[in-house]
Amino acid sequence: MGANTSQVSDLSDNPSLKSLVGTESISENDPFWNQLISFTFISPTSSGDSKLLEEAVIPLAKILIENNPRTGNFGALVRIFLGRTKELKISTECQDQLFIWQAHNALFMIRCLLKVFIREMSEEELHLQFSYQERAPGSCGETGIQDLLEELLSNLIHLIVEVPLLDITYSILFEAVTTLLVFFSYQLFHKEILRDGLIYQHIMKGRCLCLTSRLVKTLLYNFIRQEKCPPPATHIFEPKDEGGLLYGLASGVASGLWSVFTLGGAGSKAGIDQEHNPLPLSNQSLLLLLVLANLTDGPDWPNPYRQAITCFRNTQDTSSLSMEQPHAFQINFNSLYTALCEQQRSDQATLLLYTLLHQNANMRTYMLSRTDMDNLVLPILEILYHVEDRNSHHVYMALIILLILTEDDAFNRSIHEVVLKNISWYTERSLTEISLGSLLILVVIRTIQFNMTRTRDKYLHTNCLAALANMSAQFRCLHQYAAQRIISLFALLSKKHNKVLEQATQSLRGRQGDNTALPDYAQDLNVIEEVIRMMLEIINSCLCNSLHHNPNLVYALLYKRELFEQFRTHPSFQDIMQNLDTVIGFFSQRLEQAGSDLSVERVQEVIMKGAQALPTDRLKKFPELKFKYVEEDQPEDFFIPYVWSLVFNSGVGLHWSPHGIELFSMDSG
């Protein structure tokens, strides 16, 4: 097949590729096809390698776009692949590596060409590229006998759900999942959310519909298994017996398309790429799952993939599946929970956790029943702690997950019973021993303070405060540092309130007689006062419901009692300040009675005894603080651009620059 090709730059001169994209039709029975797809190649799994390959493929693909209406060679390549997929399952059982290898190569070529096709043409034009067949001059080159596009989509899904994940099938399963992502990538070239189209119709309503639950289940298990990319010798065809038939075939194609082509030499990048992205199938499967789950509902039908995600159940659930849930299935919740705990460093794993917590009641109930919730909560807190290094959407997802969890009173109680030791990533202060609940409070408060000084995002503030408010009635045995940080946050808000108030006063004095517009200090004050009110309600909720469990909070409150003086007569806070005044007055009196120059230990002893003596009826009851996450509060179609930003930045598969797509220009951290 011409000279050896081991560099991307050589592709444009390859004789076989020239024949494929050229002006001559090639019969499906021609030995050319068997030779074409018999090359040894390691699919690129890093961003740089993929981009190099795409740049080399683009000019070839453009020539094929021009010639394919006359030759039908692209459709022939697709049919060659489809012919091999029919025997893939048997080939896997028989360990027929040669057959799997050739099918993988054919699909890899299709995927590379499709990426350029989708960038260059509409879905209708793409459909035509599939329909062209070999024809004589002057005759029609299209056929309506078979919808080859739908056939390919259906076969890809069958391949994913039916071919077992083994070392020898890893690469072709990765290609199948990635090719489906490529088909959906039309969204990257449109500012508006795509709600229809040929590919959408085929996936949502066509022959693929009956495979909905099996596809979702398989993608979830790919995520659960977290299989690393196997060494090249086990997933790309390699000669093992020099005297055997396979070696003869390998030798016969030694001058093939990408012979020993590893993007820089045989094996030179394998170790680097695996280290860079060691779980390409797991990552791509999760991205495809999120894309499918976030497809918009049709005008008269719901998204079946979202239905499948929202209703699957635990394998230990022995009750029969409901006929009202046609896409229901069962999966091992313990394995899924473990994978979710281990993978929260990635945006897509956090988004999956959010999706399951918010939309799948079975999974949410299971998670909240776990006795090892620290395995799930700690990675979420670590995301928030490193807020400077995360993109805003990842931070939002982490906060929403905390908000959903704190809606459950049992969760709010249990997190104070889990004792942690030596949290290595928390570097502001050595925490040799602290409860999960106190650590959660510390991290959320730190997030609020970061937001106040940097991003100033009201939505982030709201979610942080709502989570603290949900927890406040169940605060138990707060760590000394957590109690201090609660009061310190109030001090920061108080200082900010005074600063804005002073600015407003000075501005009014300096502009007497000046009719120009004033800065909107009233709005700023209103926002700050809302936050101060919320903080006072959180402190009050703790004092009313669990004062005797939180001597450290009372101690911090007394130590900074002067902070609250200015708000005692403020009309916005008078009612809520009554309880704080009662607590501060009661404990101040008991400390005075205990004498002067009291040690810290003695003060704490007085507080603990006083907490038992304070009559609860002296504190005014307020409505319970409870906030629920409401998805409607999000901007319309919030998650669709977020998901596609993850696909675009995934490091595998899709690397072209969208044409001015503001919708997907999200920050990357």
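Overview of the structure. (Residues numbered from 1 in each chain as written. Predicted model: local features only at pLDDT ≥ 70, side-chain atom pairs only at ≥ 80, totals over all residues. Heavy atoms only, no water.)

## Remarks on the environment of Asn412
Summarising the element assignment, Asn412 is placed in helix 22 (residues 409-414). Given the relative accessible area of 0%, Asn412 is considered buried. The spacing of Asn412 and Ala473 is 61 residues in sequence and 8.7 Å in space, taken between C-alpha atoms. Among the polar contacts listed, one links the side chain of Asn412 to the backbone oxygen of Asn470, at a separation of 3.1 Å. (Helix = DSSP H or I, 4+ residues; strand = E, 2+ residues; numbered from the N terminus. Buried < 20%, exposed > 50% of the residue type's maximum accessible area, 1.4 Å probe, protein only. Polar contact = N/O pair within 3.5 Å; in protein donor to acceptor, adjacent residues only side chain to side chain.)

## Details of the packing of helix 26 (residues 521-546) against helix 27 (residues 551-559)
Where helix 26 meets helix 27, the closest approach of the two axes is 11 Å, and the angle between their N-to-C directions is 130°. With respect to their mutual orientation, helix 26 and helix 27 come out oblique. Where helix 26 crosses over helix 27, the two elements pack in a sense that is left-handed. Contact with helix 26, carried on its side by Ile539, Cys542 and Leu543, involves Leu553, Val554 and Leu557 of helix 27 and no other residues of that element. When the residues that make up the contact of helix 26 with helix 27 are grouped by side-chain class, the tally is 6 nonpolar, no polar and no charged. (Axes fitted to C-alpha atoms, helices over the stretch in contact; angles between N-to-C directions. Parallel < 35°, antiparallel > 145°, perpendicular 65-115°, else oblique. Left-handed = near helix turned anticlockwise from the far one by under 90°. Contact = heavy atoms within 4.5 Å. Nonpolar A, V, L, I, M, F, W, Y, C, P; charged D, E, K, R; others polar.)

## Topic: the nonpolar core
Membership of the largest hydrophobic core comes to 221 residues, with the highest contact counts inside it found for Leu439 and Phe564. Ranked by the residues each element gives to this core, the list is headed by helix 6 (residues 97-120), at 14 residues. Formed jointly, this core draws a minimum of three residues from each of two domains, domain 1 (336-472) and domain 2 (478-507 + 520-624). Leave out the neighbours within four places in its chain, and Phe564 touches Ile487, Phe490, Leu536, Ile539, Leu557, Met577, Leu580 and Ile584. (Core = buried A, V, L, I, M, F, W, Y, C linked by side-chain atoms within 4.5 Å. Domains from an automatic or database assignment.)

## Let's talk about empty space enclosed by the protein
As enumerated under the stated definition, the model contains 7 cavities of 30 Å³ or more in all. Approximately 220 Å³ is the volume attributed to the largest cavity. Lining the largest cavity are 18 residues; nearest its centre among them are Phe184, Gln187, Leu194, Tyr200 and Leu295. Residue assignment for the lining of the largest cavity shows that the elements contributing at least two residues are helix 9 (170-184), helix 10 (198-205) and helix 30 (639-648). Sort the elements by how many residues they give to the lining of the largest cavity and helix 30 lands first, with 3 residues. (1 Å grid on protein atoms, 1.4 Å probe; cavity = no way out; pocket = protein on both sides within 12 Å on 5 of 7 lines; lining within 4 Å. Points joined across faces, edges and corners; volume = space filled by probe spheres on them.)

## What to know about the environment of Phe450
Mapped onto the elements of the fold, Phe450 is located in helix 23 (residues 436-453). Taking relative accessible area as the criterion, Phe450 reaches 15% and is therefore assigned buried. In the structure, Phe450 is positioned 65 residues away from Tyr385 in sequence and 9.8 Å away in space, judged by C-alpha atoms.

## Some thoughts on the packing of aromatic side chains
Scanning all chains against the criterion turns up 20 aromatic pairs. Each ring, one from Tyr354 and one from Tyr629, has its centre 5.8 Å from the other, and the planes form 80°; the classification is edge-to-face. Of the two residues, Tyr354 is situated in helix 18 (residues 347-359) and Tyr629 in the loop between helix 29 (600-613) and helix 30; the sequence distance between them amounts to 275 residues. Grouped by ring-pair contacts, the aromatic residues Phe312, Phe329, Phe333, Tyr337 and Tyr366 constitute a single cluster. Geometry around Trp301 places Lys205 over its ring, the cationic atom sitting 4.2 Å from the centre. Directly above the aromatic system of Tyr385 lies the positively charged group of Arg446, at a separation of 4.1 Å from the ring centroid. (Phe/Tyr/Trp six-rings, centres within 6.5 Å; stacked < 30°, edge-to-face > 60°. Lys NZ or Arg CZ within 6 Å of the ring centre and 35° of its normal.)

## Description of the pattern of salt bridges
Under the criterion given, the structure shown has 20 salt bridges. Note that Arg207 and Glu151 form a salt bridge whose closest N and O atoms lie 2.8 Å from each other. Pair noted here: Arg207 is in the loop between helix 10 and helix 11 (212-225) and Glu151 is in helix 8 (residues 148-162), with a separation of 56 residues, a long-range link. Classification of Arg207 by relative accessible area gives partly exposed; the value is 40%. Where Glu388 meets Arg446, a salt bridge forms, and the shortest distance between an N and an O atom there is 3.5 Å. Of the two residues, Glu388 sits in the loop between helix 20 (374-385) and helix 21 (392-405) while Arg446 sits in helix 23, which places them 58 residues apart along the sequence. Residue class for Glu388 comes out partly exposed when judged on its relative accessible area of 35%. Residue Arg446 is classed as buried on the basis of its relative accessible area, which comes to 16%. It is possible to trace a salt-bridge network through shared partners that takes in Glu388, Glu428 and Arg446. (Salt bridge = Lys/Arg side-chain N within 4 Å of Asp/Glu carboxyl O.)

## Section: the packing of helix 8 against helix 11
Running from N to C, helix 8 and helix 11 point in directions that differ by 50°, and their axes come no closer than 9 Å. Between helix 8 and helix 11, the interaxial angle falls into the category oblique. Note on packing geometry: the crossing formed by helix 8 with helix 11 is left-handed. Together, Ile157, Ile160, Val161 and Glu162 of helix 8 and Arg214, Leu215, Thr218 and Leu219 of helix 11 make up the contact between the two elements.

## A word on unusual backbone geometry
A positive phi angle, close to 55°, is found at Asn422, a residue other than glycine. Residue placement: Asn422 occurs in the loop between strand 3 (419-420) and strand 4 (434-435). Of note, Cys477 is a non-glycine position whose phi angle comes to about 45°, a positive value. By secondary structure assignment, the location of Cys477 is in the loop between helix 24 (458-472) and helix 25 (480-510). Cys477 gets classed as exposed once you look at its relative accessible area, which sits at 57%.

## A few points about helix 8
Taking 1.5 Å of rise per residue, 15 residues should cover 21 Å, and helix 8 covers 20 Å from first to last C-alpha, within 8% of that figure. The element helix 8 is largely enclosed, with a buried count of 13 among its 15 residues. Its side-chain oxygen at 3.2 Å from the backbone nitrogen of Leu149, Asp147 defines the N-terminal cap of helix 8. (Expected span 1.5 Å × (residues − 1).)

## A closer look at the side chain of Asn222
Residue position: Asn222 is located in helix 11. Each residue touching Asn222, except ones within four places of it in the same chain, is listed here: Leu165, Leu281, Ser282 and Ser285.

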